[in-house]
Structure formats: structure tokens, C-alpha cells
Amino acid sequence: MPWWSGENRGGALMLEKPKARLKRAIRQASRSNNPIVRRGYVGVRNTARRTINAVTSRQLGWVATLWSARWDGDVLEVRGWAYVRDFGFPDAPPTITVWLQRGSERIEAALEPIIDPEVNARASSASEFDYANTAFIARIDAARLRDAGQDTRSWTTFIEVTGRGRTTRGTFRSRYGLASAGHLFARTVGDVQVVPMWTPRGLQIGCRRLRALATDIAIDARRLRLTVSTDLEPVAAAAVAEELSQPLTCRRAEDGDGRTWVIEGELDRTRPVELVDPSIAVMWGIELRSASGSVHPVRTDLDVQIAPAPPEATLLATSGRDGELVLLDAPRQAVVDATEYVRDPQPMLRITGRLFGRDAEMWAQFWGPRQVLPSEIVVKPDRTFELNLPLLASVWGQEALPPRIGSYRIQIRPKGKRRIPVHTHPQLTASLPQAYDGPRFRFRLQSGPNQRFQFRVSPPRRPDEMGQYHQRLLSARYRTTAWTPRNAVYFESFYGRNSTCNPRALDAVIARQYPQLTRLWGVVDGSVPIPPGAIPVIQGTREWWEARATSRYVIANDWLRRWFMPQPFQIVLQTWHGSMFKRIGLDRANLPKEKQRSLMREQSKWDVLLSQNHHSSEIFATAYAWDRPILEEGYPRDDRLHHAEGTDLRHRLGIPDGKTAILYAPTWRENLTEMVAFLDVERLCADLGDDYIVLLRGHSRTVEFGESVTIPGVIDVTTYPEITDLFLAADALITDYSSVMFDYSVTRRPMIFFTPDMADYRDTLRGTYFDLEELAPGPVLFTQEQVTQAIRELDTQNERFAERYQRWHERFNHCDDGHSGERVVARLMAMRKIAEPDGTTRLEL
């Protein structure tokens with residue numbers, strides 16, 4: 001009897017080592033939806049934490065996050081939250097105290113408790129509790145620290161949380177580094193600078209008397225003149241930037257009070273800025289050397305300002321994090337001064353700012369996770385600019401949709417030149433993060449490394465849907481509610497990352513033949529285009545949970561995972577996403593027991609499997625231990641290859657008339673995150689010449705890694721939604737072990753198999769079901785030169801491989817006749833779920 005059968009499952013677990021069984025049991029308890037099991041786990045865990053903390057002072061479970069830190073006059077406003085994991089305050093908010101401690105000295109902060117849903121959204125682990133009521137705003141008056149400026153010791157920020165008969169205290173443990181909390185600014189109060197700092201001990205605040213303060217800053221071209229008030233007797237001055245040091249003249253001011261010095265000189269372009277990262281300015285600081293040899297930085301009271309500068313300036317003066325004077329150096333640079341979110345008539349982000357340096361015609365865009373958002377920039381005569389960024393963008397000529405989830409950075413560049421540094425004005429940085437709700441998305445303005453302006457897009461979840469706590473509640477409701485079925489079909493493709501493949505093809509048939517059925521598509525975010533007339537339901541929202549719970553039919557092409565629990569009335573059709581060359585599931589060598597268990601849990605949720613061919617049907621029987629119904633009807637996604645042609649698609653993709661289009665679509669590798677790069681496409685295009693164009697298609701599992709390729713002769717189609725369109729547009733295919741080989745062969749067009757790592761992939765990494773060199777309907781090649789030559793010989797390939805191609809077609813495409821979708825939908829609609837007396841169900845075909 002196989003190990004996965006219910007009768008033997010317990011015995012299989014007994015074969016685990018005791019330590020592994022214990023770890024597995026703890027993990028299952030931590031994820032349990034049984035409230036008794038969960039409370040028991042939490043109680044034991046909290047007791048263990050308190051014991052360890054008492055003995056070691058390690059603060060296990062303590063979460064204290066600095067979300068923002070900004071100056072309001074001379075008051076430092078600190079926003080954050082603090083709690084102990086798995087210990088919440090469901091009845092009433094806790095009492096929170098924030099103070100600064102230095103030795104025996106203590107300064108209390110004025111505290112305002114707040115409710116912040118972001119606390120739950122950023123919780124790192126699932127929890128029984130809603131932590132939103134542990135947020136606060138603490139206000140620290142810098143004037144209370146000013147008189148302590150002679151003491152060089154720093155103050156440490158402490159937080160104390162009291163409630164439910166328990167008091168816990170500690171320091172900040174983490175911070176949100178892409179906004180004001182990551183760019184802490186000094187504040188000048190009289191002759192003292194108050195300097196917030198992030199250290200291993202959390203947020204600390206230092207006070208220092210100013211030894212050298214720039215009271216006047218004058219920049220003309222690259223010549224610098226500073227008036228510095230100092231109690232030092234400087235004998236030398238220098239501008240320093242990383243490994244560079246450039247001497248400046250240093251003299252006492254003639255009309256000063258004896259404390260005033262003039263520092264001046266011209267900064268040579270000793271290090272070409274163009275050879276550094278072009279989006280980052282070189283940062284110069286100014287240092288004074290005293291007669292004793294000590295070195296002191298020149299500081300500034302600019303605080304969160306940039307000194308006024310003419311449009312032609314290539315040096316901008318501002319304040320560093322420690323209050324030191326910083327000169328931002330680049331031939332051209334921009335400063336973002338303000339932003340505005342415009343909702344009507346279309347959502348748009350309006351950005352205003354200033355350009356500095358050499359005059360040039362500019363263009364702008366935002367680039368992010370495999371997506372570029374074009375924007376319109378208008379530069380006025382005074383070199384101020386306005387940049388309007390539409391937040392609904394059309395990709396590949398389709399409907400305008402929200403951007404993909406992820407972070408987007410601004411690019412401004414002169415036409416024909418490299419991008420320039422774009423700084424967020426310190427005042428704007430100090431006001432960040434700022435969050436907004438758009439149509440089917442949320443976004444947050446932030447300031448990244450080197451204060452580069454950016455924004456981050458996230459799914460549009462409501463406060464009571466954010467974070468694992470609320471997802472646990474929604475999951476519990478999903479599992480315990482007696483749902484009423486509705487005449488709807490829930491579709492999901494590749495975990496909601498797109499709306500393609502077999503589910504998309506079946507959607508089209510159902511929309512045409514059964515318009516009375518509501519069609520719901522589970523998607524990760526609003527950027528996923530769905531079929532006309534369908535309704536998107538975004539993962540994690542209440543609508544998504546209810547769609548999965550109430551739809552009579554569920555159609556997916558990959559795992560539905562642990563969040564899904566089939567209802568008694570539901571019919572779950574697993575279409576899968578390709579015939580098999582590489583080994584899958586239980587057929588893989590050395591598959592860990594935990595993955596085997598996950599696989600069997602997953603397949604138990606399916607009612608019927610779709611198979612492209614008899615080859616796949618046989619593999620499902622072993623790889624998924626499948627002994628239930630299989631629809632061996634061919635792949636609906638390939639029906640269009642019989643009924644459509646690619647001329648319009650070629651134009652949409654930008655393939656020039658008369659060029660031969662080669663689609664390169666390698667599969668992914670378990671030991672790599674980014675797309676495989678065995679084929680040098682830049683060299684391939686150069687070798688082939690202008691008569692060819694390469695369509696580069698990364699695997700869906702690699703989309704979130706890397707950036708889109710911009711090479712002459714290459715069109716990166718990794719983010720193009722439907723690969724079947726690319727089959728229609730391409731004159732030939734290059735692949736390796738991808739299942740696209742079984743779909744593209746429906747076209748009978750030439751295929752080339754580039755497999756330089758064949759031995760490792762076959763024998764070590766994945767394993768295969770047949771000898772590709774023996775069966776492939778095209779050349780199996782191992783070098784770049786062979787691929788180039790094979791492309792040049794495409795005209796004769798069909799004749800050379802005609803017999804192999806026919807055998808391949810008979811084995812793998814015998815069901816792909818252009819009507820698979822119609823047959824599958826007809827059989828699906830004829831199925832019925834029958835309830836048995838013992839509470840189980842059976843499928844009646």
C-alpha cells in the first residue's frame with residue numbers, strides 16, 4: 001500500500017526522527033485553525049519567552065517599529081508601534097509610555113495613542129491578535145535636550161507597554177527605512193544640534209555643541225565660499241568625497257569677531273561623475289583641521305532644506321544626517337519638491353520640482369518590477385518642472401490598468417543621455433511615507449537610498465483585510481460558514497499572477513455558451529488583465545474568499561494551496577499547465593516527505609484533471625497518485641493556434657514587416673531565481689543581422705526577478721500576458737525543457753532545442769521522462785554557434801525533421817484539433833456532485 005494512503009500515513013510519520021516530528025508538530029500548531037490548539041501553542045510559547053527573557057534579557061517576541069520621525073518646529077514627532085508577539089489587547093488599548101534615557105536621567109515624551117492598520121500589515125508572523133491599537137505618536141521637545149549639549153553621551157528611546165496585567169519594555173527593534181525613519185535629520189537649536197540616530201540599540205538622540213557652523217554658503221559654478229563660525233583655530237580645510245580630498249584655502253575673516261573664518265576654493269572634477277552610477281550624485285563634505293591635528297566636519301543649520309541655487313548650478317548644498325554640510329555634485333540633477341495625488345478624471349500623480357546643471361531637453365519615466373510607466377514632463381523657462389504620471393497604464397495595447405505590485409523609481413534624463421540624480425527634497429522626505437487609495441490598488445510615496453524619490457504599489461486591501469491576523473479571521477469564516485452556492489465559475493491561473501493558459505481559454509467558451517454564469521478571476525493585484533465581462537477578485541479581500549467559497553465551479557491551472565477548501569457543491573477542475581518533459585511531483589527523485597504530503601493534500605482538493613495527451617495522463621497517475629477522472633481532451637489554450645493568425649499580433653509587438661521572429665522561451669531552474677542566460681541574445685542578434693528579431697520570453701516564475709531587457713534586435717515579451725499569442729507571432733521557437741514544446745508543435749513551425757546543461761538537468765537537477773535527442777522534432781544543440789547556424793537553416797528544417805515531427809504530433813498533439821475547449825466545457829457542465837449518506841461526496845460524470 002502506498003505511503004500516502006490514509007491507512008499508512010501515521011506509520012510513515014513514525015519514521016521521522018523525534019526532533020523532526022517535534023518541529024513539525026510545533027509548526028502545525030502555530031498554523032492551526034483550531035482555536036484550542038492555537039491558544040495552547042500561544043500560551044506555551046509566551047511562557048517560554050518570558051522565562052528566556054528573564055534569564056537572558058534577549059526580549060524574545062518584542063516588536064517595536066519606528067515608522068516615521070519628523071521635526072515639527074523644535075519637536076521631534078516619532079510614530080511607531082510596540083507589542084509582544086502573540087500577546088495582544090483585544091478589550092482595550094494598552095497604556096504606552098515613551099521616554100529618553102541617559103544613565104539615571106530620564107525625559108518623558110508626550111504620547112498620543114492611535115489606531116494604525118499598518119501594524120497588522122507589517123506583522124512578520126501570523127497572530128491571534130489585532131495589533132493596530134499598539135500604535136502611537138510620541139513627541140520629544142528638543143529644547144529639553146539643548147542644555148545637555150556639553151554631554152556627548154546619547155539618549156536612548158525606550159517604550160513601555162502595559163495591559164492585561166502585564167508590562168513589557170524595550171527599545172525600537174526595526175524601522176521603515178524608505179522614508180523619514182530611514183533619513184533622520186538633525187535639528188539646530190541655537191548653538192546645539194539635536195541629532196536622531198539609528199543604532200543597534202534603536203533610536204538614539206545625541207546633542208552636540210557646534211564647533212564649526214557654516215553661516216553663509218556661496219556657490220558660483222564650481223567655486224565654493226563658506227563663512228564658518230568656529231571656536232577652533234583651523235590651519236587647513238578640505239573638501240572630501242569618499243576616497244577624494246581636495247585642499248581649500250582657510251583664513252580668518254577681516255571684519256569678524258575672531259570666530260569667523262572664510263573657507264573657499266574650486267572643486268575640480270577629479271572624478272568624472274558620468275563614470276559613477278549616473279543616478280547618484282557625488283557627496284562632498286567640508287573638514288577643518290586644527291593645529292593639534294584633530295579633524296572637525298563643518299556643520300550647517302540648513303536642517304531639512306537645500307540652499308538656494310541658480311538653475312545652472314552643479315553643486316547643491318544641504319544637510320547630512322548628522323547635520324554636516326553636504327554638497328551634491330553632478331553635471332545635471334533634479335529635486336522633487338512636492339507631490340499631489342489627482343483622482344479625477346483619471347488617477348494621476350503630479351510631481352513638481354527643479355532642474356539644475358547644464359540645460360537640456362528632458363524626458364521622464366518610472367521603472368519598476370518588469371514595468372515602465374511613461375510620464376509627461378514639462379520644463380518651464382526657470383527650470384522648474386511638472387511631471388504628470390498616469391497611474392492607470394496600458395501595457396501591450398490592452399486596457400489601462402493599475403501598475404504591478406512593487407516599487408517604482410523615477411528616471412529623468414536628457415534625450416540621448418544617461419539618467420540624472422533625482423533627489424527628494426528633505427522637507428518632502430520628512431513628510432513621508434504617505435499612503436493613498438487608488439482604483440484597485442494602494443500606493444505609498446517614499447524616499448529610497450540617497451533620497452531617491454519612489455513609490456510602492458500594493459493590493460487594495462481594507463484595514464480589516466490587512467495582515468495575517470485578519471487573513472486568519474477571514475480564513476476561519478471561510479472554513480466554518482455553511483456557504484450557499486451561486487451560479488459562478490472561479491478561475492485562477494498561476495496563483496493569480498495572470499489570467500491566461502487553459503483557464504482563460506475555458507472562460508471564453510463559458511462566456512459564449514453559458515452567459516448566465518458569473519465569471520470570477522482570482523488575481524494578485526489590479527494590474528492583471530482579465531477577460532471581458534469577467535469580475536476580478538483580488539487575493540486576500542473578502543470578495544476573493546467568498547468567490548472561492550460560493551462558486552459552483554473552480555478552474556485552476558496550478559495548486560490552489562492550503563487556503564483553499566473545496567465545498568460539497570463545488571466541482572474543481574485542475575487543467576494543469578503543460579505536458580511533461582521534466583519530471584514532476586512524486587516522480588521526482590529524493591522529493592522531501594513534507595513536499596510529498598503537501599502534494600497529496602493538494603491533489604485531494606481536485607475532482608477532475610485535464611490532460612493534453614495520453615502521455616500526460618499516464619504521468620498524472622504516478623506523479624500525483626491520481627486514480628480519479630481525467631479529461632484527455634487536448635489543451636483549450638491551443639485552440640487558437642488553429643483559428644487565428646499572427647499578423648496583427650506582430651504589429652502590436654512591434655515586429656517590423658519582413659523580419660523573421662524567433663521566440664526564445666527557456667524554462668526556469670530550481671537553482672536560479674532569474675531567467676536562464678545560457679543564450680547570449682545580444683550576440684545572437686549581432687550574428688544574425690537585421691533580418692531577424694528575437695522575442696525574449698522569461699518563465700512566469702522569474703518575472704519578479706531582474707529587469708526587462710533593452711537590446712537592439714530584442715523585444716522582451718516576458719510580461720506579455722498570453723504566450724499563445726507569441727506562438728502565432730513567431731516564425732520559430734528556441735526552448736530547452738519547457739512545456740511550450742508541446743504547444744508550439746501544434747503550429748508545425750520549426751523548433752530548436754538549446755540544452756547546454758542537459759546532462760546536469762537530466763541527471764541531477766530535475767530528471768526527464770524521455771530522451772529529447774531521440775524524439776525532438778528539431779535539432780538539439782549545445783553551443784551558441786550551433787543555434788546561430790540552425791536559425792540560418794530554418795528554411796530546410798521542416799523537410800529534415802518531417803518524419804520526427806509527425807511522430808511527435810501523433811504522440812503529443814493527437815487531441816489538439818481546435819475544439820478542446822468546447823469538449824471540456826461540455827463534459828464539465830454535465831458533471832454533478834452527489835452527497836453520500838456518510839457525508840462524503842462523489843462526482844457523477
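The shown structure was predicted, so the numbers you read here are calculated from the model rather than taken from an experiment.

What about the overall build of the protein chain?
A tally of helices and strands in the protein chain yields 22 helices and 49 strands. Buried positions account for 55% of the 845 residues belonging to the protein chain. Counting only contacts in the protein chain whose residues sit at least 6 apart along the sequence, the fraction spanning at least 24 positions is 66%. Summing over all exposed atoms, the protein chain offers an accessible surface of approximately 36,700 Å²; the carbon and sulfur share of this is 50%.

With respect to the nonpolar core
Proteins that are soluble and globular tend to have nonpolar side chains buried together. Counting 98 residues, the largest nonpolar core has Leu573, Leu653, Leu663, Leu695, Val717 and Leu772 as the members making the most contacts within it. With five residues, the top contributor of residues to this core is helix α15 (residues 723-729). Not counting the four nearest positions on each side in its chain, Leu695 is found in contact with Leu653, Ile655, Ala661, Ile662, Leu663, Tyr664, Ile715, Val717 and Ala730. Counting residues in hydrophobic clusters, the runner-up holds 44 residues, among them Val63, Ala179, Leu349 and Leu373.

Concerning unusual backbone geometry
Cis rather than trans, the peptide bond between Asp344 and Pro345 has omega equal to 0°. Structurally, Pro345 can be placed in the loop between β23 (332-342) and β24 (348-357). Note that the residue after Leu432, namely Pro433, is joined by a cis bond; omega there is 5°. Within the element layout of this structure, Pro433 appears in the loop between α6 (426-430) and β32 (434-438). Despite not being glycine, Arg383 shows a phi value in the positive range, around 70°. Mapping Arg383 onto the fold places it in the loop between β26 (371-379) and β27 (384-390).

Examining the pattern of salt bridges
Under the criterion given, the structure shown has 42 salt bridges. Note that Arg139 and Glu112 form a salt bridge whose closest N and O atoms lie 3.1 Å from each other. One end of the pair, Arg139, is in strand β6 (residues 135-141); the other, Glu112, is in strand β5 (residues 110-114), and 27 residues separate them in sequence. The class of Arg139 is partly exposed, set by a relative accessible area of 30%. Measuring nitrogen to oxygen at the nearest pair gives 2.3 Å for the salt bridge that ties Arg683 to Glu785. A residue pair is termed long-range when its members are at least 10 positions apart, and Arg683 in helix α14 (residues 681-688) and Glu785 in helix α19 (residues 784-792) qualify at 102 residues. The class of Arg683 is partly exposed, set by a relative accessible area of 33%.

Topic: the sheet that holds strand β39 (residues 571-574)
Strand order in the open sheet formed by seven strands is β37-β36-β35-β38-β39-β40-β41, with parallel pairing between adjacent strands. Either end of the sheet is taken by a strand with one partner, and the two such strands are β37 (535-538) and β41 (630-632). Strand after strand, the sheet turns through a mean of 25° between neighbouring axes, direction not considered. Bridge count between β39 and strand β40 (residues 608-611): two bridges; the pairing is parallel. Across the sheet, Leu573 pairs through a bridge with Val608, a residue of β40. Across the sheet, helix α9 (residues 542-550) touches β35 (486-492), β36 (518-523), β37 and β38 (551-556), and the angle it forms with β35 is around 115°.

Describing the environment of Tyr737
Looking at the element boundaries, Tyr737 is found in the loop between β45 (732-735) and α16 (740-744). On the basis of relative accessibility, which here comes to 1%, the residue Tyr737 falls in the buried class. For the pair formed by Tyr737 and Tyr761, sequence separation is 24 residues and the distance between their alpha carbons is 9.0 Å. Within the local environment of Tyr737, its side chain forms a polar contact with the side chain of Asp757, the two groups lying 2.7 Å apart. For Tyr737, the side chain forms a polar contact with the main-chain nitrogen of Met758, separated by 3.1 Å.

Some remarks on the side chain of Gln567
Here Gln567 is to be found in the loop between β38 and β39. Ignoring sequence-local partners within four residues, the contact set of Gln567 consists of Tyr478, Trp483, Ala549 and Lys833.

Brief notes about α14
Burial in α14 covers these residues: Val681, Leu684, Cys685 and Leu688. All buried residues of α14 lie within an arc of 95° about the axis, which places them on one face of the element. Within two residues after α14, Gly689 carries a phi angle of roughly 90°, on the positive side.

Side note on the pairing of strand β49 (residues 841-844)
One ladder, built from four bridges, connects strand β48 (residues 832-835) with β49; its direction is antiparallel. Residue pairing for β49: Arg832 is matched across the bridge by Glu844. The hairpin turn running from β48 into β49, its antiparallel successor, is five residues long, and Gly839 in that turn takes a positive phi close to 95°.

Details of the confidence of the model for the protein chain
For the protein chain, per-residue confidence averages 89 on the pLDDT scale, and residues scoring 70 or more make up 89% of the total. Of the regions scoring below 50 in pLDDT, residues 1-16 engages in 22 contacts with residues more than four places distant in sequence or in other chains.

Here's the deal with the environment of Glu287
Topologically, Glu287 is positioned in strand β18 (residues 282-290). Relative accessible area serves as the criterion here: at 31%, Glu287 is assigned to the partly exposed category. The spatial distance from the C-alpha of Glu287 to the C-alpha of Pro247 is 9.7 Å, given a sequence separation of 40 residues. The residues contacting Glu287, other than those within four sequence positions of it, are Ala236, Ala237, Ala238, Val240, Val295, His296 and Pro297.

Let's talk about helix α11 (residues 614-623)
Among all positions in α11, only His615, Ser616, Ser617, Ile619, Phe620 and Ala623 are buried. Looking at the buried residues of α11, the elements they touch are α10 (593-603), β40, β41 and α21 (802-812). Residue Ala625 follows α11 closely and has a positive phi angle near 45°.

Some details on the sheet that holds strand β2 (residues 75-84)
Read from one edge of the open sheet, five strands run β5-β6-β2-β1-β9, paired in mixed fashion. In this open sheet, the two strands that pair with only one neighbour each are β5 and β9 (174-175). The sheet contact formed by strand β1 (residues 62-72) and β2 spans 10 bridges and is antiparallel. Bridge pairing in β2 places Val63 opposite Tyr83.

A closer look at the environment of Leu599
As for its position among the elements, Leu599 is in helix α10. Each C-alpha atom of the pair Leu599 and Leu586 lies 8.1 Å from the other, and the pair is 13 residues apart in sequence. Each residue touching Leu599, except ones within four places of it in the same chain, is listed here: Trp559, Gly585, Leu586, Ala623 and Tyr624.

Reading the values: the criteria
Residues numbered from 1 in each chain as written. Predicted model: local features only at pLDDT ≥ 70, side-chain atom pairs only at ≥ 80, totals over all residues. Heavy atoms only, no water. Helix = DSSP H or I, 4+ residues; strand = E, 2+ residues; numbered from the N terminus. Buried < 20%, exposed > 50% of the residue type's maximum accessible area, 1.4 Å probe, protein only. Contact = heavy atoms within 4.5 Å. Areas by Shrake-Rupley, 256 points an atom, 1.4 Å probe, with all protein chains shown as cover. Core = buried A, V, L, I, M, F, W, Y, C linked by side-chain atoms within 4.5 Å. Salt bridge = Lys/Arg side-chain N within 4 Å of Asp/Glu carboxyl O. Pairing = 2+ DSSP bridges. Axes fitted to C-alpha atoms, helices over the stretch in contact; angles between N-to-C directions. Polar contact = N/O pair within 3.5 Å; in protein donor to acceptor, adjacent residues only side chain to side chain. Arc of directions from axis to C-beta. pLDDT = per-residue confidence, 0-100.

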